[in-house]
Amino acid sequence: MIKPIHKLLTPLAVTGLLLPAAPAPSHADLQDVRLLRVLPGHNGAVTALAFGPDGNLVASAGQDELVRLWRPEPDTPARELRHPAGVPAIAFHPDGRLVTLSRDSHLWAWDPAVPRCLGHMPDVAPFRCLALDREGRRVATGAEDGRIRIHDLDRGDLLQVRDADEAPTMSVAFAPDGRRLASAGRLGPITLWELEADASLALAGHVGVVHRVTFTADGEALLTGGVDGTAREWDGRTGEPRHSFTHRGGVRDLAVSPDCRMVATAGEDGVVQLWSRTPVAHLGTLRGHAGAVTAVAFNPTGLRLATGGLDGTVRVWSTDGLLPEAPAPTASASASVTPLPGGPAPTPTVPASASVAPLPGGPAPTAGAEATPAASGTGAP
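Residues numbered from 1 in each chain as written. Predicted model: local features only at pLDDT ≥ 70, side-chain atom pairs only at ≥ 80, totals over all residues. Heavy atoms only, no water.

Trainee: So what's going on with the sheet that holds strand E19 (residues 199-203)? Residues and values would help.
Mentor: Spatial ordering of the open sheet is given by E16-E17-E18-E19, a layout of four strands whose pairing is antiparallel. Where the open sheet ends on each side, the last strands, each with one partner, are strand E16 (169-174) and E19. Across the sheet, the mean angle from the axis of one strand to that of its neighbour is 20°, orientation sign disregarded. In the sheet, strand E18 (residues 190-194) pairs with E19 via five bridges, with the strands oriented antiparallel. (Pairing = 2+ DSSP bridges. Helix = DSSP H or I, 4+ residues; strand = E, 2+ residues; numbered from the N terminus. Axes fitted to C-alpha atoms, helices over the stretch in contact; angles between N-to-C directions.)

This is how it looks when you write it as structure tokens:
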């Protein structure tokens, strides 16, 4: 059961950096005009980000055992939520509560309006990840023991346990309808679980650890990203593979805009890539973090994007107007779009230097693109 505890927290003032507007850049490099604020303060890597329901409250979690609450527009002092261990994952409840994990096997619920802890829920194995269902009634946690536990958030009752893998579970996500759950383990494939039946589907294709799984808001697609340098899109119901987006380094995190049109992928290569889903196209690159980008999140309107990195900073960017103007993107050496075997061939608009591989028997690549062999990963039927 959730045990109530009471601990008031001390606000901490920070300074946000507001950058002046600049002439519109090319879509290959967007940082000058679209970076709104830099929020420093974490001592170590930023491990997770989330926007509150109002779209302007940003929560950032770090290896420094802190969750910071920011209101970057207008800039206000940050408040700290102290934990007894590092915080690998956070999520906002629809009612505004913030749910956090700490590595000492505790799940916490906070009222961000008055920074105090509303309760905690200890478990038996160190946590790695969490997800709330759309209504905020259930919370799924992935742990070091490879098990996925689903609790009733308010009562604390354990509802289900799924044995995903003997290795740690890296990421979990509820489908919007609440009937399916996606998970990724350190060693095993991505798994789609049917929560109302004893059934699951393994999705093979990534090579190595998968850091993130997330559904689009309409449930039509599942996006995944891993150390193999790809973010992959799958059919959210059947698991059929669709296409992949490529970084030079591993993908540490990814997010999909609430309108399902844009994908942001955060990489070991120190940049964030922005992609259009329909048509599949590379929109541009966000630079500025010193080192790997470890967390990324859209706000509820999709007009703001927060990123966090190994450098301990949170950066807030504007994505307003990016998709409507969407000209053919400029060449980017670190980004490419590749359809996956077994899925429909996308119709991307990409620079000549990016590779677009059609499926066997599919249409020829768009003029100006160099055809290359498709990725070797396959999805479960």
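Read on, since the account is not over.
Trainee: Quick rundown of the pairing of strand E11 (residues 116-122)? Include the residues and the values.
Mentor: Residues in a regular strand point their side chains to alternate faces of the sheet. Two elements, strand E10 (residues 106-111) and E11, share six bridges in a ladder whose sense is antiparallel. Counted as the bridge partner of Ala109 is Gly119 from E11. Counting the residues that bridge the hairpin from E10 to E11 gives four residues.

Trainee: Break down the sheet that holds strand E12 (residues 127-132) for me, citing the residues and quoting the values.
Mentor: The strand order E12-E13-E14-E15 describes an open sheet built from four strands, whose pairing is antiparallel. Since the sheet does not close on itself, it has two edges, and those belong to E12 and strand E15 (158-163), each with one partner. Averaged over all pairs of adjacent strands, the angle between their axes in this sheet comes to 20°, without regard to strand direction. Sheet analysis places strand E14 (residues 147-152) next to E15, joined by five bridges and oriented antiparallel. Within E15, the position partnered with Ile148 by the bridge is Arg162.

Trainee: With reference to specific residues and values, describe unusual backbone geometry.
Mentor: Geometrically, the link from Thr278 to Pro279 is a cis peptide bond, its omega value of -5° lying close to zero. As for its position among the elements, Pro279 is in the loop between strand E26 (272-276) and strand E27 (281-286). Although it is not a glycine, Ser105 adopts a positive phi angle of roughly 75°. Along the polypeptide, Ser105 turns up in the loop between strand E9 (98-102) and E10.

Trainee: Describe the side chain of Arg162, with residues and values.
Mentor: Within the secondary structure layout, Arg162 lies in strand E15. It is Asp198 that comes nearest to the buried, bridge-free Arg162 among opposite-charge side chains, at 4.7 Å. Within polar-contact distance, the side chain of Arg162 engages the side chain of Gln160 at 3.0 Å. There is a polar contact of 3.2 Å between the side chain of Arg162 and the backbone oxygen of Glu194. When sequence neighbours within four positions are dropped, the list of residues in contact with Arg162 reads Gly146, Arg147, Ile148, Trp193, Glu194, Leu195, Ala197 and Ala199. (Buried < 20%, exposed > 50% of the residue type's maximum accessible area, 1.4 Å probe, protein only. Lys, Arg positive; Asp, Glu negative; His and termini not counted. Salt bridge = Lys/Arg side-chain N within 4 Å of Asp/Glu carboxyl O. Polar contact = N/O pair within 3.5 Å; in protein donor to acceptor, adjacent residues only side chain to side chain. Contact = heavy atoms within 4.5 Å.)

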